[in-house]
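Coordinates in review
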Amino acid sequence: MQHFQTHLHNEAGTAALGAALARALAPGLTIYLEGDLGAGKTALTRAMLHAAGHAGHVKSPTYTLAEPYTVRLGGDPVEIIHFDLYRLGSPEEFLDAGFREHFNQSTICIVEWPEKAAGVLPAPDIKVLLSIKVAGRDIELQALTDQGSQCLDRLKFAPNL
Ligand SMILES: Nc1ncnc2c1ncn2[C@@H]1O[C@H](COP(=O)(O)OP(=O)(O)O)[C@@H](O)[C@H]1O
Ligand SMILES: [Mg+2]
């Protein structure tokens, strides 16, 4: 599947999709989360991390820009790094922080505000687009690589209509 689109009626819908995505994750994926402030990028990430077994808090790394988590996927420990680049000053800051080395075949990177690091941020396997509607959110997932496509193939999500 290259493309998946649905409506999330409420926060529980966002949490359910996050949980479904967690079950479809594989090491090495890079996922961009795009959408306005309050669209649900952090909410979706939080649901993914909790469903992947992280028991503690998940808050957006607004000032540190990146927060690492170690979870277990299929029994093996995998590092997931949650980026929030909203306050990134410049693409150089991204490079100077050494963030590029996290984009490799073993780490999963989830990136809020990828547009802030345009030009230096590695390309995504999946782009997630969230948009705020009068009630709930519309969400679109696009696979841009084979790895991303395989992830969406594994995705099992039945929205609560
Ligand atoms: N499907 C949904 N429908 C309505 N509200 C939602 C939905 N999903 C999440 N929310 C709410 O929207 C807000 C999203 O905030 P947040 O995840 O911090 O957004 P972002 O990281 O995109 O700025 C939260 O208050 C959350 O409760
Ligand atoms: Mg956020």
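A brief look at the structure comes next. All values derive from a computational prediction rather than experimental measurement.

**Regarding the packing of aromatic side chains**
- Taken as a whole and assessed by the stated rule, the structure comprises seven aromatic pairs.
- Note on Phe4 and Phe157: the rings are 6.3 Å apart at their centroids and 85 degrees apart in plane angle, and the pair reads as edge-to-face. Taken as a pair, Phe4 in strand β1 (residues 3-8) and Phe157 in the segment after α4 (146-154) lie far apart in primary sequence, 153 residues in all.
- By relative accessible area, Phe4 is classed as buried at 14%.
- The class of Phe157 is buried, set by a relative accessible area of 16%.
- Judged by centre distance (4.8 Å) and plane angle (50 degrees), the ring pair of Tyr86 and Trp113 falls under tilted. Here Tyr86 is found in the loop between β4 (76-84) and α3 (91-96), whereas its partner Trp113 is found in the loop between β5 (108-112) and β6 (126-132), with 27 residues between them in sequence.
- Overall, the relative accessible area of 33% leaves Tyr86 in the partly exposed class.
- The exposure class of Trp113 is buried, given its relative accessible area of 12%.
- Positioned above the aromatic ring of Tyr86 is the side chain of Lys116, whose terminal nitrogen or guanidinium carbon lies 5.0 Å from the ring centre.

What counts, and where the lines are drawn
- Residues numbered from 1 in each chain as written.
- Chains lettered and ligands numbered in written order.
- Predicted model: local features only at pLDDT ≥ 70, side-chain atom pairs only at ≥ 80, totals over all residues.
- Heavy atoms only, no water.
- Phe/Tyr/Trp six-rings, centres within 6.5 Å; stacked < 30°, edge-to-face > 60°.
- Helix = DSSP H or I, 4+ residues; strand = E, 2+ residues; numbered from the N terminus.
- Buried < 20%, exposed > 50% of the residue type's maximum accessible area, 1.4 Å probe, protein only.
- Lys NZ or Arg CZ within 6 Å of the ring centre and 35° of its normal.

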